[in-house]
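Single-letter residue listing:
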Amino acid sequence: MQGACVSILCVCICVSVLLRSAISQPPTESDTYTECTDGYHWDPQTEHCKDINECETIPDACKGEMKCFNHYGGYLCLPRSASVIPAPEPPIAPTEPFNPCPLGYEPQGDSCVDIDECEREEHDCQPSQQCINTLGAFTCQCPDGYRKVGTECIDIDECRYRYCQHRCVNVPGSFSCQCEPGFQLAGNNRSCIDVNECDMGAPCSQRCYNTYGTFLCRCDQGYELGPDGFACNDIDECSYSSYLCQYQCVNEPGKFSCVCPEGYQLLGTRLCQDINECETGEHQCSETQTCVNIHGRYQCVDANRCQDPYVQVSENRCVCPVNKPACRDLPFSIVHRYMSITSERSVPSDIFQIQATSVSPGAYNTFRIRSGDDNGDFYIRQINNISAMLVLARAVSGPREYTLDLEMVSVNPLLSYQGSYQTSSALRLSIYVGPYTF
C-alpha cells in the first residue's frame, strides 16, 4: 500500500491507494492484522480501518483563507468560496471471501472476469458524478462545468478564460455571456453584435439613425430635438426675426409662411405685391366711372371730372373757353392724373415729372404748386424750360389722399405789343398714399 500527497492551486490532497477497495480496507487476516494505511486507523469494534478526520485532529490543517475538507484517507485545503459537492459517508464494507483474481475482477469458472462496479453499485462515485466502468476498475466523472479534485467536483470558473466578448456570469457548473446595452448575443452565445434600435421601435419621433451600440434621433427641417433626445419640437421661425416676411409671419408645424394684407398678394415667398383690381376686373366701378388702382385698393372716379366753367374736350382733359369771363384768371386747361405712393417713403424723393406738351417760340415757362399742398409736404424742382419734377419733401403715412394742382405758367413777350403775353395750364394730380411701406 502506498500514500501520496498532491498540491494543486494551494490544495493539499492526501490520497490512499488501496489494494482492494477505495472505500474500506478489510484485513487479509481478520484475527491478527490491525495495521492500516496512512489516513486510516484500526477500529477494533468493526475490525476495519476507519478514516481519520484530519480537519479535527491536525491543528490549523489549512493556512490563511483556506478551508479544510475531510475525505477518505486524507483532507483537502480549498478556498472558502469554493463550491464543493460533499461526499456521503462511506458504507462499511462487509468482510469478503478470498478472491484469487486481481482487483476489479472475480472468478468465473477457471477464469477471472471484470466486475462492473457501476452496475453493482460497488463504487464510491458521488451522486452528482457518473460512474464509468473500466477493465478492473471504474472512474467517477464530474458533470460538465466541474473538474475533479480528489473525490470532489469543483466548479470551473469559465469566466477566467474570457469566453465572453462583453460580460461573463459564472454559475455552478456553467456560465452565461451578457452584452452591454445596445448589443445582443450572437448565435454562438459568446459574441455581441450591434442591435439596430431603429428597426426595433426606437422612440425617435421623426428620424432614427443606428450607430454602434446605440442610436441617434434627428428631426426634419423646421424642428429641433427636445431635451429628452427623442421628441422633435417645432421651431417658431417667426420669433427669431421680424424680417422674414414683408408683412406678417405665420408659424406652422415644421415651417412658416408669409401672408399679405387685403388688397395684396404674395410675391415669391415673403414679399407683398399690390393687386391691380382694375386689371383683374375685381372692382365695382360703373360704366360712367374710371377705375384707378392704388396701393391695397382701387378708386372709382367719374369719367368726366370737368367742373364749370371747364368743359371736357378729351379723356381726362378739360379746357376753359376764353370767351367765358370766368376763365380770365383760371388756367386754360386742366389735365387729370392719378398716382399712388407707399407710406414712409424716404425723402426727398422724386415722384412725378411734369412735361409741357407744346411750347410757343420765345415762351418762358415756370412751374409751381397752385393748390393742395397746405402742409408743405411737396415742392417743385424745375428741370428745364419745358419740364419739372414734383418732389416729396417729407415722409407721409397713409392711408391719405392729396389733390395737387401743378401749374405751368408761360410768358411770351413776342405775342404782345403792349407787354408780355401770359397763359397757364394745370395738371390736377391725385396722390393716394397707401397704408403700408410696400
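The chain carries the name EGF-like domain-containing protein in an unreviewed UniProt entry, which gives Sphaeramia orbicularis as its organism.

Student: Looking at this model, I keep getting lost on the state of the cysteines. Mind explaining?
Tutor: Here, the word disulfide means a covalent bond between the sulfur atoms of two cysteines. Considering all chains together, one arrives at 20 disulfides under this definition. Between the sulfur atoms of C36 and its disulfide mate C49 the distance is 1.8 Å. Residues C36 and C49 share a disulfide whose torsion about the S-S bond is about -95°; that sign makes it left-handed. Of this pair, C36 sits in the loop between β2 (11-17) and β3 (40-43) while C49 sits in strand β4 (residues 48-51), placing them 13 residues apart in sequence. In this model C219 forms its disulfide with C232; the gap between the sulfur atoms is 2.0 Å. With the S-S dihedral at roughly -90°, the linkage between C219 and C232 falls on the left-handed side. Within this pair, whereas C219 is found in the loop between β18 (214-218) and β19 (223-225), its partner C232 is found in strand β20 (residues 232-234), the two being separated by 13 residues in sequence. Neither residue differs from the other here; C219 and C232 are each classed as buried.

Student: Quick question: what am I supposed to make of the sheet that holds strand β27 (residues 311-314) here?
Tutor: Paired through backbone hydrogen bonds, the strands of a sheet run either parallel or antiparallel to each other. Taking strand neighbours across the sheet as the criterion, the 6 strands line up as β27-β28-β29-β35-β34-β31 in an open arrangement whose pairing is mixed. Edge positions in the sheet fall to β27 and β31 (364-371), since each of these pairs with one other strand and no more. Pairs of neighbouring strands in the sheet enclose a mean axial angle of 30°, with direction left out of account. The pairing of strand β29 (residues 333-341) with strand β35 (residues 421-433) spans 9 bridges and is classified as parallel. Its bridge partner being in β35, I334 is matched across the sheet by A426.

Student: I would appreciate a short explanation of the nonpolar core in the present structure.
Tutor: Among the nonpolar cores identified, the biggest contains 21 residues, and I351, F352, F378, L390, L406, L429 and I431 are the most heavily contacted of them. Elements with a contribution of two residues or more to this core: β29, β30 (349-355), β32 (378-382), β33 (387-392), β34 (400-412) and β35. Setting aside chain neighbours within four positions, we find I351 in contact with M339, R345, F378, M389, L390, L392 and I431. In terms of nonpolar packing, the next biggest core, distinct from the first, is built from 7 residues, Y310, C318, C327 and A426 among them.

Student: What am I meant to see in the UniProt feature "domain: EGF-like" (unreviewed entry) in the chain here?
Tutor: Summarizing the sequence annotation, UniProt attributes the feature "domain: EGF-like" (unreviewed entry) to residues 114-154, 155-193 and 234-273 in the numbering used throughout. The straight-line gap between the two end C-alpha atoms of residues 234-273 is 29 Å; of that span, 0% is helix and 45% is strand.

Student: Explain the environment of N188 here, please?
Tutor: One can find N188 in the loop between β15 (183-185) and β16 (192-194). N188 sits in the partly exposed class, given a relative accessible area of 45%. Within the local environment of N188, its side chain forms a polar contact with the backbone nitrogen of R190, the two atoms lying 3.0 Å apart. A distance of 2.9 Å separates the side chain of N188 from the backbone nitrogen of S191, its partner in a polar contact.

Student: Explain the pairing of strand β13 (residues 167-171) here, please?
Tutor: Inspection of the sheet shows β13 paired to strand β14 (residues 174-178) by 5 bridges, in the antiparallel sense. Note that in β14 the partner of C168 across the bridge is C177. Once β13 ends, the chain turns through 2 residues before running back antiparallel as β14, passing G173 with a positive phi of about 80°.

Student: Mind showing me how you'd approach the pattern of salt bridges here?
Tutor: Inspection of the entire model under this criterion finds 10 salt bridges. Of the charged contacts, one joins R370 and E407 as a salt bridge, the two residues approaching to 3.1 Å between their closest N and O atoms. With a gap of 37 residues between them, R370 in strand β31 and E407 in strand β34 connect regions that are remote in the sequence. In this structure E407 comes out as buried when scored by relative accessible area, which is 4%. Taking the shortest distance from any N to any O, the salt bridge between R428 and D405 comes out at 2.7 Å. A residue pair is termed long-range when its members are at least 10 positions apart, and R428 in strand β35 and D405 in strand β34 qualify at 23 residues. Shared partners join several salt bridges into a network, and the residues in it are R368, R370 and E407.

Procedures and definitions
- Residues numbered from 1 in each chain as written.
- Predicted model: local features only at pLDDT ≥ 70, side-chain atom pairs only at ≥ 80, totals over all residues.
- Heavy atoms only, no water.
- Disulfide = S-S within 2.5 Å.
- Helix = DSSP H or I, 4+ residues; strand = E, 2+ residues; numbered from the N terminus.
- Buried < 20%, exposed > 50% of the residue type's maximum accessible area, 1.4 Å probe, protein only.
- Pairing = 2+ DSSP bridges.
- Axes fitted to C-alpha atoms, helices over the stretch in contact; angles between N-to-C directions.
- Core = buried A, V, L, I, M, F, W, Y, C linked by side-chain atoms within 4.5 Å.
- Contact = heavy atoms within 4.5 Å.
- UniProt positions renumbered as here; feature names shortened; annotations may be inferred.
- Polar contact = N/O pair within 3.5 Å; in protein donor to acceptor, adjacent residues only side chain to side chain.
- Salt bridge = Lys/Arg side-chain N within 4 Å of Asp/Glu carboxyl O.

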